[in-house]
Structure formats: structure tokens, C-alpha cells
Amino acid sequence: MGRVIGIDLGTTNSCVAVLEGGEPTVIHNQEGGRTTPSMVSWNADGDVVVGAASKRQMITNPQRTVFGAKRLLGRKMHDREVQALVSRLPYKVVSAKNGDAWVEVAGTPRSPQEISAHVLAKMKRVAEDYLGEPVFEAVVTVPAYFDDVQRQATKDAGAIAGLTVRAILNEPTAAALAYGAQHQHNQRLAVFDLGGGTFDISILAIENGVFEVLATHGDTSLGGDDFDRVIIDLLADEFAAEHGLNLREDTVALQRLKEAAERSKIELSSAMTTDVNLPFIAAGPAGPVHLMRELERGQLERACRPLIDRLDAPCRHALADAHCTPADIDQVLLVGGMSRMPAVQERAVQIFGKPASKGVNPDEIVAMGAAVHSGIMGGELQEVVLLDVTPHDMGVKVAGDRMSVVITANTSIPTRAKKIFATTEDNQTYVAIEIYQGEHELASRNRRLGRFILGDLRPAPRGQTKVEVSFTMDADGILEITAAEIGTGRAASVQIEASSGLTAEEIQRLGQRLGT
Amino acid sequence: MVRPPAAGYDSAVAGLDEARARHVLADMQERLARGPSDALGLAPSATPEDARAAFLQLTKQFHPVRFGRMAIDIQKLANEVFLSLRAAHDSVAKSLRRQTGPIPLAPIAPHVPTNGRAQVLPPRASRSPATHDSGERPVVPPTPTPASGPRPIVARPPGPPVPAGPAARAPAAARPGSAPLVTPRDEVVVLDLLQRQQWDQARTVLHQLSARDPGSRRIRALEAYARGREAQLDRRLDDARVELQDALELDPDLQVAKTALTELFTRRR
């Protein structure tokens, strides 16, 4: 059997690791980087460029360079998060036939799965070059707060890239695995993961080698991109006030602003001031206009305050769900590049009342955890195992658009829960049930996973035919439904109508196109 | 994505260990069929801690991830076996708690919360496996509607008669030389901690009070109430009912327990 590699498929950067001699090792890419930008460009001649090479083209080729595809993965065009994103992206987001958010590159609509597949295929090649053997299997990480659709989309991206995704692992849990593999004594961990696009907080207990997630919360639309955008807005608004020119209308200028914003954000994590220097950013009536100014850490922190405030609620919810107080937490792990920002670290200290663990590389620890998990699967690591939870309520839409929850959030998985349904009409031979995921009491405000139809029911007066519906969630957080008619024990047929994602044929076709 | 039962990726990689995996899983299924204690390999004298330790050990061996690279039918079987193992642990733990009665409260060092804000939120959801809901929901195509019929309240056989009135719960007059007995003020402290869901601190205080006055039914009632309340907010409703009824049996005048029980029965769907 070949190796299973661990991939952290990030919003901005991705990282790959393998287990060697029981230890996770991060692999350098061909350019020498330990992480690879999650960016894909389509050149005019049809070539696809991935990673650092793509990032270099961002300014010259903005409409054909896609970054942050993870934020669109498994989402609908009409989602509020997608709508908020669309106006700020230099590339065009379009709606697929089923309403999924896709990206149009040079007139060709492409699914976020396909774009992510290019990144995964690159990580696969990086690992193959290092190992000197072909790789077919991977553990891929996702934000803990990803829902079922987003997880499935990630698996599909893997399939297009020629990888069988053997496990979908939550990013904060992966970080805890990598940390805990070296610090195996019994303890409680809080993993505070602020990445490029998402924020996750997980509380875990390590007990005799069993890593048990007690609770998970998060915000799927809070990350480094949002911090960059605050800086872009600050600079663009100021520029507009001073020169009367709107930089956001010019994609090249916007791209340069974005790059400058990211760079100054990173610099302000260590320095107190930084220079933003963008000569010839726009053309005014009196010739070229330059953007040159100094940015102070204090200015950045004031502008980002509303974003930092959004970190509090998920942490408090997670602690409450885990029945923990901050004093019960032994270690706080900071994960994700954004956790380098001093103001973010201060907030974590404020929430948990203790400084964060040192010696954790926030960019690499998630991929290392994925590699550890591959070792658990392969049997190299016998004394470690993980019990994770489902992050969202899962239920059925009932009258009045209410949500009838079958599996509650933060239930340890795998799990199974059952509910009984009865017919409401005489001689009814089928019932249709819509499944939703999310915490809102109104089903329509949650994520619709699909509809299934129970057929072949015995004709009988209403209310007399009863069907027991069973929801089984596997260790990857993927749902399966079975149903049986009560009394006869006969399995009712379950037919699921998926409302998003790619079909098996599309995945195969895209896979062939990628040459995998 | 929601997928039909038969779907899933096919395992192309048929490992050498598959035959052995099938054997190990079938073996555990047999043990499970003999009962939860057999499955967990527990002696009759086992404690809830033993049950937990056994479950964790078996989790390392039987977690579905261990079978994640094998044929799809083995993965499904492993999932079933693990679900049964968890159910076995839960049922053993529950019956052990019943047998031993109230779990002796371990002394826990009271900790000073460094950030009070974290504790005021109510727990949002239960971590225990979802309970089997037998409430029937007639289905209107295309959307099902929940039945709103009242759920029958299962009566518990009446406990030994408990004399009502203050005499029943008033602690005996202070014995000379003993530590001061429990005062209404102590109760207020406990109830306040419980209201703020600071279970550990409440347990600590109750433990200290019970050490001061081991015979007090009132304190035992409060302990039962505390366990019941925690279970209730944790949505372990059956456990909550047992504990809260125990609390009322110990002290029929414990108003908070009456309120909680009423809430339990009215909110139960």
C-alpha cells in the first residue's frame, strides 16, 4: 500500500507533510518553500500555473488568477458570504446551473473544486518528488466549522486531483494532534485557529492517548483576507478623499493595494510602523499619482477592532459547550498565519487568561497533524486516536419552516440518531423530507443539504404508516440516511436529491483534463 | 453531501490486513451480543472509571479511522461496531451510576475564574449522543410536521414516605463541639453557583458542606439537584428526571427542584 500524505489546503497557503519514522515532516516545494500559495492562473496560451508562480502573476494577470477559492468551495451564489465577497474580487464569480458559486476565467466557468484540485495536485507532486513514489491517498484538512457540503466539495477536489481523500480532518484538531503527539500527558487544549479565511476554536481533552474534542465553534467568514480588506479600504478611502480617484475600479491598482495591504499587515506584526509605497498607482488629470504613506500598528489595530471583537463569542460558546472555564484549559495553541498579529494574540490571552504555547509553527502544524492522522490510519501510531464532534445541528424541516434537530452540534462522531415520521394522508405511499444543517430555528436560514424521498410505503389510513428515519454521521462528518417502515421492518427506499456539488461524471471529466 | 446508503468511494486498495480486520470486527460483534459489560471486558466490580478506561482503550483499537483504508464494507462494519461500543459504554456507565447511587463527590480545588465572562453563557448543545426520540411526526408531503401531542409522563413508583414540614429537613440542633451547620446563606451560595452553571465550584462547596454535616438530607437533596440540573442543561433528560426526583424525595420542599422538574416536563418535546 502506498503512502497517505497530509495536506493543509488553506485559503491563502497550502502545506504538505508525511510521516517519517513516526514523526511528521513538512515537505519543501520545488521552489524551496515550505508552504505554497493556494493560487491558480490560466495563461493566455492555456497553461495552468499554480503556487508562487501564480502569485507573481497576480498583478499582471488579475482576471485570470484565482486566489481564495476555498471561500467559495461548497457555497451557493446567493449565500450572504459569497455576495459580500463578489464585489471585492478581481476575478468574476458566476452562478452554476445548480446555484453553486463558480469562477469565470477567460470566459470559462470553473468550479472551486477544480481550482482547489490544481492546488491539491501540486501538493501531490511535491510529495511524490520527495518520496520518489506515486501517491494516491491523502488526509485533507478543513476548517472545523465547514458544513457537510463544503466537506464533500473538498473530497471531490481531491478526486479530481487523483487523490482518494481517506479522511477529512478538522484544522484545529489536526493542530492538537501534532502538538499532542509530542506532549502526550493528559491535559486540556484550546486551539485558536485564525487563518486566511476562517476562524475556528476547539476545546480538546487528551486522555490516555485519546484526543477527544469537547466542543468546536467558529466563524467561516473571518480571516486574514478580512484584515487585508480593512487596510485596502483604509488606503483606498483616504486616497479617494485626497485625490478624488477610486482605486477599487482599477483591477490592477486594486491588486497592488491588496499586495501592499498584506505586506504591511505582516510587517506590523513585528514593527510598529511600516511604509506603503505604491508609485504610479493611478492616473489623475495632472499626470500620475502616487500612494505613499506611513502606516502605524495602532492605526491598523483600531481599524481591525470590529474583526477582533468577533473572536470573543465563538470562544465563549465553545468553553460553555465543553463545560469548561478558562482556568480548566492547560494549553492554548495559536494556529494560522493571522495568529501572529499581536492584537489577536492579546485577545486570545484576554479570553483564556494565559499566554499561548510557544514553539508551534502556525503555518505548518495543521499539515503535520494531517500526517499524524495518516499514521493513525495506517497503524504506525497505535496509541493515539481522535474523537471529533460535528460542528452543526443537523435536522429536518417541519411545518412553519421550523428546524427539527436530529443530531445536535458538538455531538461526538461517529453517531446515529433516529426519528419517527408518520403519514398525514390516506394511502400515502411516499414522504419527502428536507435535510438542513445549521443552528438557526428557521430551516430556510440554514444550509440545505438535500431532499430525500421515502417510497414504497404500505397504503394505509393516514397516521398508521410510520417510518423510522435514521441519521448516521461517520467519523468524517458525512451523513448517511436509512429508513425502515415500523411494523414491517421493510426498508423504505431512500432517494437523495443533491442540491449542490459536482456529479460523478463531472469529477471524472475534470480529473482527465487535469491529467491525473 | 448527503449520500444514499450504498454510495461512497470504492476502496481500490485491498490491504493484506483486511481478512484480519474482518475477524477482529466479527469477534467484537460477538462480544457486543453478549452484553455491554462483556464487550468492554469489565468485571462485575467495575467502577464508572474502569468503564471509561476500557472504552478509551477499545476506541484506540476500534475507531473507524483504523479501518479507513480498507474495503467499503469493512469501513461500514467498523462504524457499526464503534457505534455499538459507544452505546455499550454509555449504558454501563449509566447503570453503574445507578447502582452506586450518588457518585461520591471528589474534592476539587476551587479555582478562581480569571475571566468571569466565559461562564455566563448557557451550554448550547449536548455532547451526549442524540437520544432516540419516539415522538411521532406526521408527515405532510413535502414537509413533515411534528406532532404536538403531550408526551406521557412516566410516573415513578413513590419512594418511602418522607415526612413533610420543616422538621423533616431541619438539621438537628447544633451539637456541641461540631462545626457550624449549614446555614441558609450557604444554600444561597450553592444555588447562585448552580444558576451560573459553575458545576465544579458548586460541587466543591457542596462537598465541604456535606463534610460539615454528613447527615443532612437537604445537602444530599441539593447534590442530587445539582447533578439533575447539569444533566438537564446537558439535555440528558432521563438522567435529569431521575436526579431531580431523587432530590425531591430527599427534600420535598426543595422548590428549585420542583421548578426544574416542571420545566423538564413542559419543555420536553
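The model shown is predicted, which means the values in this text are computed figures rather than measured ones.

What counts as what
Residues numbered from 1 in each chain as written. Chains lettered and ligands numbered in written order. Predicted model: local features only at pLDDT ≥ 70, side-chain atom pairs only at ≥ 80, totals over all residues. Helix = DSSP H or I, 4+ residues; strand = E, 2+ residues; numbered from the N terminus. Buried ≥ 20, exposed ≤ 12 C-beta atoms within 10 Å, placed from the backbone. Contact = placed C-beta atoms within 7 Å. Rg over C-alpha atoms; globule rule 2.2 N^0.38 Å. Core = buried A, V, L, I, M, F, W, Y, C linked by C-beta atoms within 7 Å. Pairing = 2+ DSSP bridges. Axes fitted to C-alpha atoms, helices over the stretch in contact; angles between N-to-C directions. Expected span 1.5 Å × (residues − 1). Parallel < 35°, antiparallel > 145°, perpendicular 65-115°, else oblique. Left-handed = near helix turned anticlockwise from the far one by under 90°. Nonpolar A, V, L, I, M, F, W, Y, C, P; charged D, E, K, R; others polar. pLDDT = per-residue confidence, 0-100.

Colleague: Explain the overall build of chain B to me, using residue names and the numbers behind them.
Modeller: When helices and strands are counted, chain B shows 10 helices and 1 strand. What you see in chain B, going N to C, is helices and strands ordered as α-α-α-α-β-α-α-α-α-α-α. Relative to its full complement of 269 residues, chain B shows a buried share of 32%. Put simply, 60% of the contacts in chain B that link residues at least 6 apart link residues at least 24 apart.

Colleague: Report on the overall build of chain A, specifying residues and quantitative values.
Modeller: Secondary structure assignment for chain A yields 12 helices and 27 strands. Taken over C-alpha atoms, the radius of gyration comes to 24 Å for chain A, in line with the 24 Å a tight globule of 516 residues would show. With the C-alpha coordinates aligned to their principal axes, the bounding extent of chain A is approximately 85 × 55 × 45 Å. Within chain A, the fraction of its 516 residues that count as buried is 54%. Counting only contacts in chain A whose residues sit at least 6 apart along the sequence, the fraction spanning at least 24 positions is 67%.

Colleague: Describe in detail the nonpolar core, supporting the description with residues and values.
Modeller: Core analysis: the largest hydrophobic core is formed by 141 residues, its most contacted members being Ile7(A), Val16(A), Leu120(A), Ala175(A), Phe192(A) and Leu333(A). Ranked by the residues each element gives to this core, the list is headed by helix H11 (residues 365–378) of chain A, at 9 residues. Residue contacts for Ile7(A): discarding those within four places in its chain leaves Ser14(A), Val16(A), Leu120(A), Met123(A), Ala138(A), Val140(A), Ala367(A) and Ala370(A). Within the second largest apolar cluster, 23 residues are counted, among which are Leu209(B), Ala221(B), Ala226(B) and Ala247(B).

Colleague: Hey, could you go over the sheet that holds strand E5 (residues 39–42) of chain A for me, with residue numbers and the actual values?
Modeller: Residues and elements named next belong to chain A. With respect to topology, 3 strands assemble into an open sheet ordered E6-E5-E7, the strand pairing being antiparallel. Where the open sheet ends on each side, the last strands, each with one partner, are strand E6 (48–50) and strand E7 (65–67). Sheet twist, expressed as the average angle between the axes of neighbouring strands with direction ignored, equals 20°. Note that E5 and E7 share 3 bridges and pair antiparallel. Its bridge partner being in E7, Val40 is matched across the sheet by Val66. Where helix H3 (residues 112–131) meets the sheet, it contacts E5, E6 and E7, and its direction lies at approximately 65° from that of E6.

Colleague: Tell me what's going on with the pairing of strand E25 (residues 466–473) of chain A, and back it up with residues and numbers.
Modeller: All names here are of chain A. Looking at chain direction, strand E22 (residues 415–423) and E25 are connected through 8 bridges and run antiparallel. Looking at the pairing, Arg416 lines up with Thr472 of E25. Summarising the sheet, E25 and strand E26 (residues 479–485) pair through 7 bridges and their orientation is antiparallel. By the bridge assignment for E26, Phe471 is matched with Ile481. Adjacent in sequence and paired antiparallel, E25 and E26 are bridged by 5 residues, among which Gly477 carries a positive phi angle near 80°.

Colleague: Please set out unusual backbone geometry residue by residue, giving values where relevant.
Modeller: All names here are of chain A. A cis amide bond links Ile413 to the next residue, Pro414, at an omega of 5°. Residue placement: Pro414 occurs in the loop between strand E21 (402–407) and E22. At Ala106, a position not held by glycine, the phi torsion is positive, near 50°. Position of Ala106 relative to the elements: it lies in the loop between strand E9 (101–105) and strand E10 (108–110). Using a count of 13 C-beta atoms within 10 Å as the deciding quantity, one classes Ala106 as partly exposed.

Colleague: Which residues make up the pairing of strand E18 (residues 331–335) of chain A, and what values go with them?
Modeller: Residue and element names in this part refer to chain A. The element E18 is largely enclosed, with a buried count of 5 among its 5 residues. Alternating residues of E18 divide into Gln331, Leu333 and Val335 and Val332 and Leu334, and every residue in both groups is buried. Where strand E13 (residues 187–194) meets E18, 5 bridges bridge the pair, whose relative direction is parallel. By the bridge assignment for E18, Val191 is matched with Leu333.

Colleague: Go over helix H7 (residues 251–267) of chain A, please, and point to the residues and values.
Modeller: Residue and element names in this part refer to chain A. Between its terminal C-alpha atoms H7 stretches 24 Å, which fits the 24 Å expected from 17 residues at 1.5 Å a residue. Along H7, the residues classified as buried are Ala253, Leu254, Arg256, Leu257, Lys258, Ala260, Ala261, Ser264 and Lys265. For H7, the elements touching its buried residues are helix H6 (224–243), strand E16 (273–284), strand E17 (287–296) and helix H8 (297–309).

Colleague: Break down the sheet that holds strand E8 (residues 92–95) of chain A for me, citing the residues and quoting the values.
Modeller: All names here are of chain A. In spatial order, the strands read E8-E9-E10; together these 3 strands make up an open sheet with antiparallel pairing. The outermost strands of the open sheet, each flanked by one partner alone, are E8 and E10. Strand-to-strand twist of the sheet, defined as the mean angle between neighbouring strand axes without regard to direction, takes the value 45°. Relative to E10, E9 is paired through 3 bridges, and the arrangement is antiparallel. Residue pairing in the sheet places Glu104 in a bridge with Pro109 of E10.

Colleague: Before we move on, could you go through the packing of helix H7 (residues 199–212) of chain B against helix H8 (residues 217–233) of chain B and cite the residues and values that matter?
Modeller: Residues and elements named next belong to chain B. For the pair H7 and H8, the least separation of the axes is 10 Å and the interaxial angle reads 165°. Between H7 and H8, the interaxial angle falls into the category roughly antiparallel. Here H7 runs over H8; the crossing is left-handed. Residues Trp199, Ala202, Arg203, Leu206, Leu209 and Ser210 of H7 form the contact with H8, whose participating residues are Ile219, Leu222, Glu223, Ala226 and Glu230. For the contact of H7 with H8, the per-class residue count stands at 7 nonpolar, 1 polar and 3 charged.

Colleague: With reference to specific residues and values, describe the confidence of the model for chain B.
Modeller: All names here are of chain B. Overall, the prediction assigns chain B a mean pLDDT of 68, with 62% of residues at 70 or greater. Element-level pLDDT for chain B is lowest in helix H5 (residues 166–169), with a mean of 36, against a maximum mean of 93 in helix H1 (residues 18–33). Note that pLDDT drops below 50 for residues 1–16; the model gives that stretch 33 contacts with residues more than four away or on any other chain. Scored as a whole, the predicted complex attains pTM 0.75, and scored at its interfaces, ipTM 0.84.

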